[in-house]
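# Commentary on secondary and tertiary structure
The primary structure of each chain is shown beneath.
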Amino acid sequence: MAVFVTRRIPAEGLRVLSQAGGFRVQQWDSEEPVPRAELLAGVAGKQGLLCLLSDRIDREVLDAAGGLSTMSVGFDHLALDEIKKRGVRVGYTPDVLTDATAELSVALLLSACRRLPEAVEQVKNGGWTTWKPLWMCGYGLSDSTVGIIGLGRIGQAVARRLKPFGVKKFLYTGSGPKPESGAEFEAEFVSLTRLAEESDFVVVTCALTPATQGMCNKDFFTRMKKTSVFVNTSRGSVVNQEDLYNALAHGQIAAAGLDVTTPEPLPTDHPLLSLKNCVILPHIGSATYATRSTMAVLAAKNLLAGLRGEAMPHELLL
Ligand code: NDP
Ligand code: DGY
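This text gives an overview of the structure that appears in the document. Everything numeric here is computed off the predicted structure, so don't read it as measured data.

Further remarks concern the overall build of the chain. Counting secondary structure elements, the chain contains twelve helices and twelve strands. Relative to a compact globule of 318 residues, whose C-alpha radius of gyration would be 20 Å, the chain shows 21 Å and is just as compact. Projecting the C-alpha coordinates of the chain onto the three principal axes gives extents of approximately 70 × 45 × 30 Å. Here the contacts in the chain between residues at least 6 apart in sequence split such that 60% fall between residues at least 24 apart. When the accessible area of the chain is evaluated, it comes to approximately 15,100 Å², of which 54% is carbon and sulfur surface. In the chain, 33 positive and 33 negative side-chain charges are present, and the distance between their average locations comes to 1 Å.

Before going further, it helps to spend a moment on the pattern of salt bridges. Within this structure, the stated rule accounts for 20 salt bridges. Notably, a salt bridge pairs Arg-59 with Glu-82, separated by 3.7 Å at the nearest N-O pair. A residue pair is termed long-range when its members are at least 10 positions apart, and Arg-59 in helix H3 (residues 59-64) and Glu-82 in helix H4 (residues 80-86) qualify at 23 residues. Residue Glu-82 is classed as buried on the basis of its relative accessible area, which comes to 10%. Across the salt bridge formed by Asp-63 and Arg-86, the nearest N and O atoms sit 2.8 Å from each other. Taken together, the residues Asp-63 in helix H3 and Arg-86 in helix H4 connect sequence positions 23 residues apart. Take Asp-63: its relative accessible area is 55%, and that puts it in the exposed class. Ionic contacts of the salt-bridge type, sharing partners, join the residues Arg-59, Asp-63, Glu-82, Lys-85 and Arg-86 into one network.

The residue Thr-193 is located in helix H9 (residues 192-198) in this model. A sequence separation of 20 residues divides Thr-193 from Thr-173, and the C-alpha atoms of the two residues are 9.5 Å apart. Contact partners of Thr-193, with chain neighbours within four places excluded, come to Asp-219 and Arg-223. A polar contact is formed between the side chain of Thr-193 and the side chain of Ser-191, at a distance of 3.1 Å.

Between helix H1 (residues 11-18) and helix H12 (residues 289-307), the least distance of the axes is 7 Å, while the angle of their chain directions is 20°. Between H1 and H12, the angle is such that the two are roughly parallel. With respect to the hand of their crossing, H1 and H12 are arranged in right-handed fashion. Residue-level contacts link Glu-12, Gly-13, Val-16 and Leu-17 of H1 to Ser-293, Ala-296, Val-297, Ala-300, Lys-301, Leu-303 and Leu-304 of H12.

The local shell around ligand 1 holds 29 residues, among which Arg-153, Ile-154, Ser-175, Lys-178 and Asp-259 are the closest. One of the backbone nitrogen or oxygen atoms of Gly-152 is found 3.0 Å away from an oxygen atom of ligand 1. Taking Thr-233, its main chain carries an N or O atom lying 3.1 Å from a nitrogen atom of ligand 1. For ligand 1, the protein covers 84% of the area, taking 930 Å² as the surface of the free molecule. Residues of the shell around ligand 1, tallied by class, amount to ten nonpolar, 15 polar and four charged.

Grouped burial of nonpolar side chains is what soluble globular proteins tend to show. The biggest cluster of nonpolar side chains holds 62 residues, and the ones touching the most others in it are Leu-49, Leu-50, Leu-68, Val-146, Leu-162 and Phe-170. In terms of residue count, the dominant contributor to this core is H12 (seven residues). Residue assignment places this core across two domains, with domain 1 (2-94 + 289-307) and domain 2 (98-280) each supplying three or more. In contact with Leu-50, other than residues within four places in its own chain, are Phe-4, Val-5, Thr-6, Ile-9, Leu-17, Ser-69, Met-71, Ala-299, Ala-300 and Leu-303. In terms of nonpolar packing, the next biggest core, distinct from the first, is built from 25 residues, Leu-195, Val-204, Phe-220 and Leu-248 among them.

Turning next to the environment of Leu-208. By the secondary structure assignment, Leu-208 is in the loop between strand E9 (201-204) and helix H10 (218-223). Under the relative-accessibility criterion, Leu-208 is labelled buried at 16%. When the C-alpha positions of Leu-208 and Ser-237 are compared, they lie 7.1 Å apart, and in sequence the two are 29 residues distant. Ignoring sequence-local partners within four residues, the contact set of Leu-208 consists of Asp-76, Gln-213, Arg-235, Ser-237 and Val-238.

This part is about the site of ligand 2. Surrounding ligand 2, one finds Leu-53, Ser-72, Val-73, Gly-74, Leu-97, Arg-235, His-283, Ser-286 and Met-295. Between ligand 2 and Arg-235, the relevant distance is 2.7 Å, taken from an oxygen atom to a side-chain nitrogen or oxygen of the residue. Isolated, ligand 2 exposes 230 Å² of accessible area, and the fraction of that covered by the protein chains is 89%. Each residue belonging to the shell around ligand 2 can be placed in one class, and the counts come to four nonpolar, four polar and one charged.

Rules used in this analysis
- Residues numbered from 1 in each chain as written.
- Chains lettered and ligands numbered in written order.
- Predicted model: local features only at pLDDT ≥ 70, side-chain atom pairs only at ≥ 80, totals over all residues.
- Heavy atoms only, no water.
- Helix = DSSP H or I, 4+ residues; strand = E, 2+ residues; numbered from the N terminus.
- Rg over C-alpha atoms; globule rule 2.2 N^0.38 Å.
- Contact = heavy atoms within 4.5 Å.
- Areas by Shrake-Rupley, 256 points an atom, 1.4 Å probe, with all protein chains shown as cover.
- Lys, Arg positive; Asp, Glu negative; His and termini not counted.
- Charge placed at Lys NZ, Arg CZ, Asp CG, Glu CD.
- Salt bridge = Lys/Arg side-chain N within 4 Å of Asp/Glu carboxyl O.
- Buried < 20%, exposed > 50% of the residue type's maximum accessible area, 1.4 Å probe, protein only.
- Polar contact = N/O pair within 3.5 Å; in protein donor to acceptor, adjacent residues only side chain to side chain.
- Axes fitted to C-alpha atoms, helices over the stretch in contact; angles between N-to-C directions.
- Parallel < 35°, antiparallel > 145°, perpendicular 65-115°, else oblique.
- Left-handed = near helix turned anticlockwise from the far one by under 90°.
- Near = heavy atom within 4 Å.
- Nonpolar A, V, L, I, M, F, W, Y, C, P; charged D, E, K, R; others polar.
- Core = buried A, V, L, I, M, F, W, Y, C linked by side-chain atoms within 4.5 Å.
- Domains from an automatic or database assignment.

And the structure:
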């Protein structure tokens, strides 16, 4: 059987494929995304496809590809309706990146609420003249209310890490109450509007779906407190970026931290990048060497299991 890998992936993952008997591996051996034409040519005649979140896997690709495995937990880049219709089995990489992504979410939250990039810049550009009582002040987690949009694997891991900072109350929202997920943090299930109104920190860790697309919009930001901080480590499209820009620029909310944007990469002249109160990272939630290696291995194992007709270590159940 032959498989196509759409990018240079950690060697451990490629090794799983190349050492599996009976599989021929073709790879787009680059750090850059595979051009569309190369992707279509690459999958043609292959039984399996190992892709990344930056590859759009639509009907045309599925016409050529057999089994599918994505080196990501997010699956919004996959044409799920088409996949379901065709009965294509899909592997993905939940759990193994939860800790790394939660850690990054906390780092981003602290960077935004304590204004770390701005403060570092002041040290470098001579803005640090003396110790001043109100200079570079931000907002802390102690005694705060944290609202989590999507209390799934990563949402819970974020709450677990934030709790020791002295958070007073956790709120969460989603498609319905999840008492077993919220119990550890005594988290209360609330509507999106209540979460916006009562949270000092909003952390978005939901999946991107038709229901969550553009969910954080003008109405949402208008309801947030002027002193609140917004953090998104899910997908850029959950946020209406123009509305977020206006909220930040007009002091409707205090600050934001984004690990994900629309588009990615964000153009260097994008208005959000002109704001001091917006910290933007280049989608590095899962970017530790160990996590990316484990993701690649898991994606490879999923693909092989799917092609062999065996149970995948992690199959996306549609
Ligand atoms: P989970 O499936 O465990 O959690 C997803 C959460 O989304 C669930 O709690 C679900 O809540 C929630 N959700 C679904 N619909 C809605 C809705 N309408 N309103 C609010 N919440 C909703 O996934 P993970 O925690 O493992 O990953 C979450 C996402 O994080 C991924 O899909 C991916 O996009 C992103 N991600 C980003 C990374 C990065 O590098 N920045 C790294 C890893 C993941 P409910 O069960 O109530 O529907
Ligand atoms: C995912 O897996 O969905 C992340 O966005 C990258 O690790």
